[in-house]
Amino acid sequence: MINSRRTRMIGLIAGGLLLAGCAAGPGGSGPATHEALIAPQRERAAALAAQGNLRGASDAWKVALTIDPQDAVALAESRKLDEQIKQSVGDRLSRGRDALKRNVHLEARSHFLAVLALEPGNREAFEALQTQVREVRQVNHTVRAGDSLTSIAQLYYGDRTRSEVIWETNQLPPNPKLAPGTVLRIPEIPGLPFGRPDPAPTAKTPPSGGAPATPGKTEPSEEGLYANPALGAAREALERGELVLALTTVDRFLGQNPRNSEATDLRRTVLLQQGRTLMEQNKLLDAYTAVNQLVKANPKDSAATSLLSQVRGRLVQQHYNQGMQLFREEKLPAAVAEWRTVLQYDPAHDGAKRNIDQAQRLLKGLEERQQKQGK
Amino acid sequence: MKSSGLLLLCLLLAGCGATGSAPTSVQTDRPAGEFFESADYFVVVAGSGATAQNLAAKYLGDADKDWMIEDFNGSATFAAGQQVAIPKRPWNLSGVTSTGYQLVPILVYHDLAPQAKGRMVMGAKGFEEQMRYLKANGYRAITLKEYVEFVSLQRQLPKKSVLITFDDGYRSFLRHGYPVLKELGFSATLFIYTDYVAAGGNAFTWAELKKLSDEGFAIQAHSKSHGDMVRANAEGAAEYDKRLEAELVLPKALFQKNLGYAPDIIAYPYGRQDDAVVRRAKERGYVAAFTVRRQGSQSFVDPHRIHRIQIYPEMRMDDFVKSLSVFSQESIK
């Protein structure tokens, strides 16, 4: 049933694609019927959803429904998408709050930004970003002989005038002398490429036709994948163990080249490494989030699934023990909550089930006793 | 029902096959300007010569809302027969999407003069070139009020917005800034330190400021004396407290008396602030405050530490252009 409905839906959308191609062509607008007008919106919605832009897709369906409020596909898809958005918003908000509690600001930032991308007017996410998330992404630069603030600004931002930001961030004296070996913090500047040292000073000049590409000296282009400085920078960051930077850099590249397999592979390596590191640091939830992305993207990825099950095992153990601890302290509802979490990760966990039953029996007994005493 | 759908498909495909005519000669059977309406959108079949401006005037009742149509459709002009979605209300208040977030470059100028001098006196010609660059490249000079509403999640801004500000209160603005801003229809904000007003020479008088204020230029506070508001090392607590209070509060009375309102927005002198300064500014009723840092400002910036980009006379045009980024690309998942 579901399958056949889905096939029909795809058929309809494909039809929409054909019509859209037609309507956009010269002389092709034909009679301006509902169908001809809705078709491009269907195409647009499908394309935006495929790019992960759920809000844009939802808007496109609303435009389609403006043309024909009865359009069955638009009604169904719009409703489905809005439900999905609502759920994701709730989920990411709670993960953002949780990250703030743990003081992991960059993680909180990513959750709250995700909420705004789904629901741009969400006040809770907006205010959390505005008043609570404090950290910005940054890398360290070790000063080499010959470095100046302007040369470093040119290197990281492609804009020598941003030396002021480095100066301010590092609280340097006026006209500072930079001693080799000094470590400077280089913060991300919104609107500029970050963590992509691009030594080419003449970034604006288009590469001349026949000139061979020199690795590290070329502008990133969609063709020049292997010489791409963005991926080079991501790989270097991975080697230095700066995983957040590596991930951001590779994600940014993937934003522009979504189908680049080299970048996807690199992203997987970074996430696996991140998962391992976080697990070692006992940041289990973060580790789980990182690795789960990989498993979701490719359930057959054996390295990822085995790492995920390790992390899951530890999470289960941690929450189970925490529950026991709380139980001993007679904090029964809190203990139950911990064991419920265990069941989220491992629905067949017998110990957790038994303990929940027992705790609930105890709670009920307590309540009854209290009621009697109350009377 | 089903057969009519098939027939329609055939018609459309047939229409598609008969290509060759230029897009401008496209005719629709329906009258151009046919439209549909829901709570959130109009969808319009464009007539010939349709632009975001004339559609905004007709459907939104305000040609200045053309940016809504332009930003939503990614184009400001439309071929006859093309469908145009017209949002009736803001659809993205924070400017965040799955590919990144909006930035507003906020520019700071100080004095203007026929010739540039040092780091703080901008040459009139250079300034005019920069303003014309902004206009020619589709930037919209928003008002201070609009920007503050943006950082309060109350207003969506055009994608290519820029806020133009001037510090201190130099009346050279009237000769070298005002005319080109007026010509281009650009709004601007002046941050004034009150000790300097009516000080003679290049200082504004209150009457001049009142006139600018009446014309829609925003005039706001830049302290009393332009002293650094951060506590100095040797400064005693009581002494500092008194000084800070004066810098934040005295301008209010003077503004009230001369311009008819008390300022509620401040630019910190030298852009300098710390947590104590920010806290006091909030307590004294400043709802937004500006510092100086060479980066654009997103909607979710800390409203009491909004970044402004200082423009120096020695900056080349390409340096200026690099300061104008209006989007921070980031894959947001």
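Owing to the predicted nature of the structure, the values given are computational and were not obtained by experimental measurement.

(A) Spatial organisation of the overall build of chain A. Helix and strand counts for chain A stand at 15 helices and two strands. Once local pairs closer than 6 in sequence are excluded, the contacts in chain A between residues at least 24 apart make up 48%.

(B) Inspection of the overall build of chain B at higher detail. Of the regular secondary structure elements, chain B holds 11 helices and 18 strands. Sorting the 333 residues of chain B into buried and exposed places 41% on the buried side. A sequence separation of at least 24 residues applies to 63% of the contacts in chain B between residues at least 6 apart.

(C) View of the nonpolar core. Formed by 107 residues in total, the largest nonpolar core has its most connected members in A:Ala64, A:Phe112, B:Val44, B:Leu55, B:Val84, B:Ile86 and B:Ala289. Setting aside anything within four residues of it in sequence, one finds A:Ala64 in contact with A:Ile38, A:Gln41, A:Arg42, A:Ala45, A:Asp71 and A:Ala74.

(D) How the structure looks around helix 5 (residues 105-118) of chain A. With 14 residues, helix 5 of chain A extends 20 Å between its outermost C-alpha atoms, agreeing within 8% with the 20 Å of an ideal straight helix rising 1.5 Å per residue. Of all 14 residues in helix 5 of chain A, 12 are buried, a share of seventy percent or more. For helix 5 of chain A, every residue scored as buried is listed here: A:Glu107, A:Ala108, A:Arg109, A:Ser110, A:His111, A:Phe112, A:Leu113, A:Ala114, A:Val115, A:Leu116, A:Ala117 and A:Leu118. The elements touched by buried residues of helix 5 of chain A are helix 3 (54-67), helix 4 (72-101), helix 6 (123-131) and helix 12 (284-297) of chain A together with strand 6 (96-97) of chain B.

(E) Structural detail: the packing of helix 12 of chain A against helix 13 (residues 302-328) of chain A. Residues and elements named next belong to chain A. Two elements in contact, helix 12 and helix 13, have axes whose closest approach is 9 Å; the angle formed by their N-to-C orientations is 150°. The orientation of helix 12 relative to helix 13 falls into the category roughly antiparallel. The chirality of how helix 12 crosses helix 13 is left-handed. Residues Leu-284, Ala-287, Tyr-288, Val-291, Asn-292, Leu-294 and Val-295 of helix 12 form the contact with helix 13, whose participating residues are Ala-304, Thr-305, Leu-307, Leu-308, Val-311, Arg-312, Arg-314, Leu-315 and Gln-318. For the contact of helix 12 with helix 13, the class distribution of residues is 11 nonpolar, three polar and two charged.

(F) Summary view of the pairing of strand 2 (residues 41-45) of chain B. All names here are of chain B. Among the five residues in strand 2, five count as buried, and that is most of the element. Of the two faces of strand 2, the one lined by Tyr-41, Val-43 and Val-45 and the one lined by Phe-42 and Val-44 are each fully buried. Looking at chain direction, strand 1 (residues 35-37) and strand 2 are connected through three bridges and run antiparallel. Looking at strand 2, one finds that Phe-35 is bridged to Val-44. The antiparallel hairpin formed by strand 1 and strand 2 contains three residues in its connecting segment.

(G) Inspection of the sheet that holds strand 1 of chain B at higher detail. All names here are of chain B. On the basis of which strands lie adjacent, the open sheet formed by three strands has the order 1-2-5 and antiparallel pairing. With partners counted over all chains shown, the strands left at the sheet margins are strand 1 and strand 5 (83-87), one partner each. Recorded for the sheet is a direction-independent mean angle of 15° between the axes of neighbouring strands. Two strands pair when backbone bridges link them, and strand 2 and strand 5 are joined in this way by five bridges, in the antiparallel orientation.

(H) Layout of the environment of B:Glu208. Residue and element names in this part refer to chain B. Along the polypeptide, Glu-208 turns up in helix 8 (residues 206-214). Residue class for Glu-208 comes out partly exposed when judged on the 16 C-beta atoms lying within 10 Å of it. Sequence-wise, Glu-208 and Arg-171 are 37 residues apart; in three dimensions their C-alpha atoms are separated by 8.3 Å.

(I) Spatial organisation of the sheet that holds strand 7 (residues 100-102) of chain B. Residue and element names in this part refer to chain B. Taken in spatial order, the three strands of this open sheet run 6-7-18, and their pairing is antiparallel. Two strands lie at the open edges of the sheet, namely strand 6 and strand 18 (327-329), each paired on one side alone. The pairing of strand 6 with strand 7 spans two bridges and is classified as antiparallel. In the strand pairing of strand 7, Thr-97 is matched with Gly-100.

(J) Highlighting unusual backbone geometry. Phi angles above zero are rare outside glycine, and A:Asn175 is one such case at about 40°. Along the chain, A:Asn175 turns up in the loop between helix 8 (163-169) and strand 2 (183-187). Even without being glycine, B:Ala198 reaches a positive phi, approximately 65°.

(K) Looking closely at the confidence of the model for chain B. Residues and elements named next belong to chain B. Averaged over every residue, the pLDDT of chain B is 90; the share at 70 or more is 90%. Below pLDDT 50 for its whole length, residues 1-28 participates in 40 contacts with residues either more than four positions away or in separate chains. We note a pTM of 0.68 for the whole complex and an ipTM of 0.89 for its interfaces.

Criteria and thresholds
Residues numbered from 1 in each chain as written. Chains lettered and ligands numbered in written order. Predicted model: local features only at pLDDT ≥ 70, side-chain atom pairs only at ≥ 80, totals over all residues. Helix = DSSP H or I, 4+ residues; strand = E, 2+ residues; numbered from the N terminus. Contact = placed C-beta atoms within 7 Å. Buried ≥ 20, exposed ≤ 12 C-beta atoms within 10 Å, placed from the backbone. Core = buried A, V, L, I, M, F, W, Y, C linked by C-beta atoms within 7 Å. Expected span 1.5 Å × (residues − 1). Axes fitted to C-alpha atoms, helices over the stretch in contact; angles between N-to-C directions. Parallel < 35°, antiparallel > 145°, perpendicular 65-115°, else oblique. Left-handed = near helix turned anticlockwise from the far one by under 90°. Nonpolar A, V, L, I, M, F, W, Y, C, P; charged D, E, K, R; others polar. Pairing = 2+ DSSP bridges. pLDDT = per-residue confidence, 0-100.

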